[in-house]
Amino acid sequence: VGHCHPDVVKAAHEQNQLLNTNSRYLHDNLVDYAERLSKTLPEKLCIFYFLNSGSEANDLALRLARQYTKHEDVIVLDHAYHGHLTSLIDISPYKFRNLGGQKEWVHVAPVPDTYRGLYREDHEDSVTAYADEVKNIIEHAHTRGRKIAAFFVESLPSVGGQIIPPAGYFQKVAQHVHKAGGVFIADEIQVGFGRVGKHFWAFQLQGEDFTPDIVTMGKPIGNGHPLACVATTKEIAEAFAATGVEYFNTFGGNPVSCAIGLAVLDVIEKEHLQARASEVGNFLLKLLKEQQVKHPIIGDVRGCGLFIGVDLIK
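Everything quoted here is computed from the prediction, not taken from an experiment.

## A closer look at the overall build of the protein
Point 1. Looking only at helices and strands, one finds 10 helices and nine strands in the protein.
Point 2. Here the C-alpha radius of gyration of the protein, 20 Å, is about what a compact globule of 314 residues would show, namely 20 Å.
Point 3. Each principal axis of the C-alpha distribution contributes one length, and for the protein these read about 60 × 55 × 40 Å.
Point 4. By residue count, 52% of the 314 residues in the protein fall in the buried class.
Point 5. In the protein, the proportion of contacts linking residues at least 24 apart, taken out of those at least 6 apart, comes to 72%.
Point 6. As displayed, the protein offers around 15000 Å² of accessible surface, 52% of which is attributable to carbon and sulfur atoms.
Point 7. Distance from the positive charge centre (30 side chains) to the negative charge centre (37 side chains) of the protein: 4 Å.

Here it is as structure tokens:
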């Protein structure tokens, strides 16, 4: 919402002057903020865990998925990056290929890229073809006695090249993953909070009939303040709580962070920033497409709202 936005600075300053608590103790800010976030999401995503960073959020999402499914394996997209913790380097091909290599419980699916990928714009049904790649991975894993805990994906792959997956891809993948007893995790850390313009969350670009089982948030959520969140369903949260080991995070969901989170949502709403993302994004896309006509090196211009990629080719 802009560096040092006065509303966000004011909210932080006012809360800083009051008693600080951790999330063992309920505080109005924590409850108010969870309520506000819930209004932006599909109804079934109604349980919230607050943390300090996107990496923490993705690590918790992994734990939730494994506890709920009692499975271990994770399917990710090629070139994906999900964070800097050890658990997340393991599911980030962008990182693990230069480090310890691929673990046996990690499976890499091709990016649903209709410009450079396996199945392109001229393919008769790229959605089914890309989803079938995930189905084949699941079937192959089963022959080796492996079980899928989660399909873990950025709603719009960013490190992988600002990719816009074809609509319907998530629905088909979710069918295969659910059938295998796994859950669908949407990483919204870079692409959430109205950045795509048309919707508040990037996974909503896939259609109203799609809801992930877990959504992770970070980066823009606190406008630079360390704040993150995992949203999930009652069923998954209950399975996680059933271990008897409560989830606790000293700074996650503290009153200052929640005051800032509330202020960020206020500003997005008050200043119509979601509509602004569409407006500015469309303007930028139009100018980039004009450049594309002039310069053969520009192979593709794609994007949605302020999530935009320019593909340079030889």
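## Overview of the domain arrangement of the protein
Point 1. Under the domain assignment used here, the protein contains domain 1 (6-271) and domain 2 (272-313).
Point 2. The C-alpha centroid of domain 2 is placed 25 Å from the C-alpha centroid of domain 1.
Point 3. Facing the 23 residues of domain 1 at the interface are 18 residues of domain 2.
Point 4. Across the pair R116 and D311 runs a salt bridge, and its minimum N-O distance is 2.6 Å.
Point 5. At the boundary of domain 1 and domain 2, one finds 13 residue pairs in polar contact (both at pLDDT 80 or more).
Point 6. When grouped by side-chain class, the residues that make up the side of domain 1 that touches domain 2 number 11 nonpolar, six polar and six charged.

## Details of the pattern of salt bridges
Point 1. Scanning the model with the defined rule gives 16 salt bridges in all.
Point 2. Residue D78 is joined to R97 by a salt bridge in which the shortest nitrogen-to-oxygen separation is 2.5 Å. Of this pair, D78 sits in the loop between β2 (73-77) and α4 (86-89) while R97 sits in the loop between α5 (93-96) and β3 (106-109), and the two are 19 residues apart along the sequence.
Point 3. You can call D78 partly exposed: its relative accessible area is 22%.
Point 4. With a closest N to O distance of 3.3 Å, K286 and E290 form a salt bridge. Of this pair, K286 and E290 both sit in helix α10 (residues 273-294), four residues apart, roughly one helical turn.
Point 5. Taking relative accessible area as the criterion, E290 reaches 37% and is therefore assigned partly exposed.
Point 6. Overlapping salt bridges bring together E72, D73, E104 and R146 as one network.

## What to know about the pairing of strand β6 (residues 214-217)
Point 1. Burial along β6 is two-sided: the residues I214 and T216 and V215 and M217 are all buried.
Point 2. Sheet analysis places strand β5 (residues 183-187) next to β6, joined by three bridges and oriented parallel. For I185, the partnering residue across the bridge sits in β6 and is I214.
Point 3. Looking at chain direction, β6 and strand β7 (residues 228-232) are connected through four bridges and run antiparallel. Following the sheet pairing, I214 is matched in β7 by T232.

## Comments concerning the packing of helix α6 (residues 126-143) against helix α7 (residues 169-179)
Point 1. With their axes 9 Å apart at the nearest point, α6 and α7 run at an angle of 20 degrees to one another. In terms of orientation, α6 and α7 fall into the roughly parallel class. Our pair here, α6 against α7, has a crossing hand that is right-handed. Seen from α6, the contacting residues are V127, T128, Y130, A131, D132, V134, K135 and I138; seen from α7, they are Y169, K172, V173, H176 and V177.
Point 2. Within the contact of α6 with α7, the residues separate by chemical class into eight nonpolar, two polar and three charged.

## Let's talk about the environment of L285
Point 1. Turning to its location among the elements, L285 is positioned in helix α10.
Point 2. Separated by 23 residues in the primary sequence, L285 and I308 place their C-alpha atoms 7.6 Å from one another.

## Focus on the packing of helix α2 (residues 28-38) against helix α9 (residues 255-270)
Point 1. Where α2 meets α9, the axes come as close as 9 Å, and the angle between the chain directions of the two elements is 35 degrees. The two elements α2 and α9 cross, and the hand of that crossing is left-handed. Facing α2, whose interface residues are N29, L30, D32, Y33, R36 and L37, α9 presents P255, C258, A259, G261, L262, L265, D266 and E269.
Point 2. Of the residues assigned to the contact of α2 with α9, the class counts are eight nonpolar, two polar and four charged.

So, how was this worked out
- Residues numbered from 1 in each chain as written.
- Predicted model: local features only at pLDDT ≥ 70, side-chain atom pairs only at ≥ 80, totals over all residues.
- Heavy atoms only, no water.
- Helix = DSSP H or I, 4+ residues; strand = E, 2+ residues; numbered from the N terminus.
- Rg over C-alpha atoms; globule rule 2.2 N^0.38 Å.
- Buried < 20%, exposed > 50% of the residue type's maximum accessible area, 1.4 Å probe, protein only.
- Contact = heavy atoms within 4.5 Å.
- Areas by Shrake-Rupley, 256 points an atom, 1.4 Å probe, with all protein chains shown as cover.
- Lys, Arg positive; Asp, Glu negative; His and termini not counted.
- Charge placed at Lys NZ, Arg CZ, Asp CG, Glu CD.
- Domains from an automatic or database assignment.
- Salt bridge = Lys/Arg side-chain N within 4 Å of Asp/Glu carboxyl O.
- Polar contact = N/O pair within 3.5 Å; in protein donor to acceptor, adjacent residues only side chain to side chain.
- Nonpolar A, V, L, I, M, F, W, Y, C, P; charged D, E, K, R; others polar.
- Pairing = 2+ DSSP bridges.
- Axes fitted to C-alpha atoms, helices over the stretch in contact; angles between N-to-C directions.
- Parallel < 35°, antiparallel > 145°, perpendicular 65-115°, else oblique.
- Left-handed = near helix turned anticlockwise from the far one by under 90°.

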